[in-house]
Amino acid sequence: MNWVGQNLDLIGQLTLAHLRQSAVAIVLGFVLAIPLGWAAFRFTRLRGTLLGVVGILYTIPSFGLFALISATTGIGLLSETNLVVALTIYAVAIMTRSVTDGLASVDAAVRSAAVAVGFGPLRRFWTVDLPLAGPVMLAGLRVTAVSTISLATVGALIGVQNLGYLFTNGSQRRIIPEVLAGVLAVVVIALVIDLALVLAGRALMPWTRRIRVPRQRARAAEVTA
Amino acid sequence: MNVFLDAFAWIFSPDRTTGYLPLWEAVLQHLGFTFGSVAIAALIAIPAGWAIGHTGKGREIAVFLSGAARSLPSLGLVVLLYLVIGVNFKEQAAVVAFVLLAIPSILAGAYAGIEAINRSTVEAGRAVGMTPMQILWKIEVPLGLPLLIGGIRSAVLQVVATVTIAAYVGLGGLGFALIQGIQTRNAAQILGASIVVVILALVLDGAFALFQRIVVPRGVAVQHSSPTRRRTRRAPVPAT
């Protein structure tokens, strides 16, 4: 573990770059997925197509996606922007379904009650539908965050500097502790961000502390989400 | 769209049938690594998943594994095993990495398939005098098959993506052309190889989607309920 001690600065820098790239993709993915997920929920006819397209997006291998993005948009193949765009596409792919599922999980009676007391469509969406969809959306956001952080390392193959650099550099120089440090750093960051999301969820959605998600759904969500 | 023309010209060029690694050979190699690794993973994960689903014990392990696997960077795992097992055994090292990455999805699919069965169906089996083994083979396994195939589908896609990356340690497959293209700055080759990888993944995904429908036993109503239920079809493990 000598290598790690001597290169703490490098690991720190790469971690920061890694977090920056991942955070942009996670936030962008979340923001873009809200209107998409809403559209899939609201327009039933659109749902199959939209969720199908989104499903296809995350079957695309990342190393194959970079060149497609570069060729269609003109973004440099070996650029950080390319990686962030690719990660955003995956984030949108996971989050859109979560937003749709979240909105579908809102009790229809609650929605009707909001209409009955005079909430307009916009106010109802922001103050009733979206907050109540929160727990399901949070489950999706956690999956998005963890997989984005792990996936970002592939960026090293297109020369982007992040924790993935420890894998390519460690491979070339045959330094096992370097690679191991990279794997552990990625896992630790993912766990920390995941925990932060859980805590943020508790702070923003105090009602979820008392009311438990129905057992059946919670079980399904644990495995699939 | 000239770049796409160049890329297709690269794919269909007669040069692709010769040379160090002809394109069709790379595709076969890619498929070989993918299905070989997924088969090994299935041999381990399916019995374990069925045991968890049947007995209801150890489900925390399945949940933990599918969560932990998501945070594990596949490039890091491949490189780590490549260095630890030895650079002379890079194929074995890569296969170990692929198997490790494929296990959680298959395990989750096998176990979730059984858990998703209506309890009264299982109780009915017990009521008519089925032994636990009969319940497993005649009720739980057939009814859980669609979700199991869904888990295998996720695993296959995960491994297809990871095999591409593993070309970095010299494994061959379709990632070889991609990495070579990046090193030689050959845009047509990079895009051409990417297109082949993406098509391969989409074809496999489509084939498994079809397979998943076929294995629904006759007489079982297909559940078209809320989207929350439909998501259990497949665990969202993004391609790597």
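Above this text you will find the structure in question.
Structural notes, computed from the coordinates.

Thresholds, definitions, all that
Residues numbered from 1 in each chain as written. Chains lettered and ligands numbered in written order. Predicted model: local features only at pLDDT ≥ 70, side-chain atom pairs only at ≥ 80, totals over all residues. Heavy atoms only, no water. Helix = DSSP H or I, 4+ residues; strand = E, 2+ residues; numbered from the N terminus. Buried < 20%, exposed > 50% of the residue type's maximum accessible area, 1.4 Å probe, protein only. Contact = heavy atoms within 4.5 Å. Lys, Arg positive; Asp, Glu negative; His and termini not counted. Charge placed at Lys NZ, Arg CZ, Asp CG, Glu CD. Salt bridge = Lys/Arg side-chain N within 4 Å of Asp/Glu carboxyl O. Core = buried A, V, L, I, M, F, W, Y, C linked by side-chain atoms within 4.5 Å. Axes fitted to C-alpha atoms, helices over the stretch in contact; angles between N-to-C directions. Parallel < 35°, antiparallel > 145°, perpendicular 65-115°, else oblique. Left-handed = near helix turned anticlockwise from the far one by under 90°. Nonpolar A, V, L, I, M, F, W, Y, C, P; charged D, E, K, R; others polar. Patch = residues over 30% accessible without salt bridge, like charges linked within 9 Å, V, L, I, M, F, W, Y side chains within 5 Å. Areas by Shrake-Rupley, 256 points an atom, 1.4 Å probe, with all protein chains shown as cover. Arc of directions from axis to C-beta. Phe/Tyr/Trp six-rings, centres within 6.5 Å; stacked < 30°, edge-to-face > 60°. Lys NZ or Arg CZ within 6 Å of the ring centre and 35° of its normal.

Right, let's get into the overall build of chain B. Check the secondary structure of chain B and you find ten helices and zero strands. For chain B, the sequential pattern of α-helices and β-strands runs α-α-α-α-α-α-α-α-α-α. Within the span of chain B, comprising 240 residues, buried residues form 54% of the whole. Restricting the contact set of chain B to residue pairs at least 6 apart, pairs at least 24 apart contribute 78%. For chain B, the separation between the mean place of its 17 positive charges and that of its 9 negative charges on side chains is 9 Å.

Moving on to the pattern of salt bridges. Residues and elements named next belong to chain B. For the structure shown, the criterion picks out seven salt bridges over all chains. Of the charged contacts, one joins glutamate 123 and arginine 126 as a salt bridge, the two residues approaching to 3.4 Å between their closest N and O atoms. With a gap of three residues between them, glutamate 123 and arginine 126 both fall in helix H6 (residues 119-127), about one helical turn apart. By relative accessible area, glutamate 123 is classed as partly exposed at 39%. According to the relative accessible area criterion, arginine 126 is partly exposed, its value standing at 47%. Here arginine 153 makes a salt bridge to aspartate 205, at a shortest N to O gap of 2.7 Å. One end of the pair, arginine 153, is in helix H7 (residues 132-166); the other, aspartate 205, is in helix H9 (residues 187-214), and 52 residues separate them in sequence. A relative accessible area of 7% means that aspartate 205 is categorised as buried.

Residues and elements named next belong to chain B. Looking at where methionine 130 falls in the secondary structure, it is placed in the loop between H6 and H7. Among the residues examined, methionine 130 registers a relative accessible area of 23% and is labelled partly exposed. Contact partners of methionine 130, with chain neighbours within four places excluded, come to Gly125, Ile135, Lys138 and Ile139.

Let's shift gears to the nonpolar core. By size, the foremost hydrophobic cluster in this structure holds 114 residues, and its most contacted members are Phe63 and Phe66 of chain A together with Phe98, Ile106 and Ile152 of chain B. The residues contacting phenylalanine 98 of chain B, other than those within four sequence positions of it, are Phe33, Ser37, Val78, Val159, Thr162, Val163, Ala166 and Leu171 of chain B. With 17 residues, the next largest nonpolar core counts Ile26, Ala33, Met95 and Leu197 of chain A among its residues.

Residue and element names in this part refer to chain A. Where helix H6 (residues 108-116) meets helix H7 (residues 121-151), the axes come as close as 11 Å, and the angle between the chain directions of the two elements is 165 degrees. Here H6 is positioned roughly antiparallel relative to H7, judged by the angle of their axes. Here the hand of the crossing between H6 and H7 comes out right-handed. For the pair formed by H6 and H7, the contact residues are Val110, Arg111, Ala114 and Val115 on the first element and Arg124, Val128, Asp129 and Leu132 on the second. Grouping the amino acids of the contact of H6 with H7 by side-chain chemistry returns five nonpolar, no polar and three charged.

Before going further, it helps to spend a moment on a nonpolar patch on the surface. On the surface, Ile176 of chain A together with Val84, Ile85, Phe89, Val96 and Leu100 of chain B cluster together into a nonpolar patch covering about 480 Å² of accessible area. Exposure remark for phenylalanine 89 of chain B: the relative accessible area of 45% places this residue in the partly exposed category.

We now examine helix H1 (residues 2-12) of chain B. Within H1 of chain B the residues assigned to the buried category are Phe4, Ala7, Trp10 and Ile11 of chain B. All buried residues of H1 of chain B project into a common sector of 115 degrees when viewed along the axis, lining one side. Turned more than 90 degrees off the buried face of H1 of chain B, the exposed positions are Asn2, Leu5 and Phe12 of chain B. Those residues of H1 of chain B that are buried lie in contact with helix H4 (62-73) of chain A together with helix H2 (23-55), helix H8 (174-183) and H9 of chain B.

A word on the packing of aromatic side chains. Summed over all chains, the structure comprises six aromatic pairs over all chains. Arranged with centres 5.2 Å apart and planes meeting at 80 degrees, the rings of phenylalanine 125 of chain A and tryptophan 126 of chain A form a pair that is edge-to-face. Judged by relative accessible area, phenylalanine 125 of chain A falls into the buried class, the value being 11%. An angle of 15 degrees between the planes, with centres 6.5 Å apart, marks the rings of phenylalanine 8 of chain B and phenylalanine 12 of chain B as stacked. Separated by four residues within a single helix, phenylalanine 8 of chain B and phenylalanine 12 of chain B lie in helix H1, roughly one turn from each other. Judged by its relative accessible area of 36%, phenylalanine 8 of chain B falls in the partly exposed class. Here phenylalanine 12 of chain B falls in the exposed class, since its relative accessible area comes to 65%. Its guanidinium or amino end placed over the ring of phenylalanine 119 of chain A, arginine 123 of chain A lies 4.0 Å from that ring's centre, counting from NZ or CZ.

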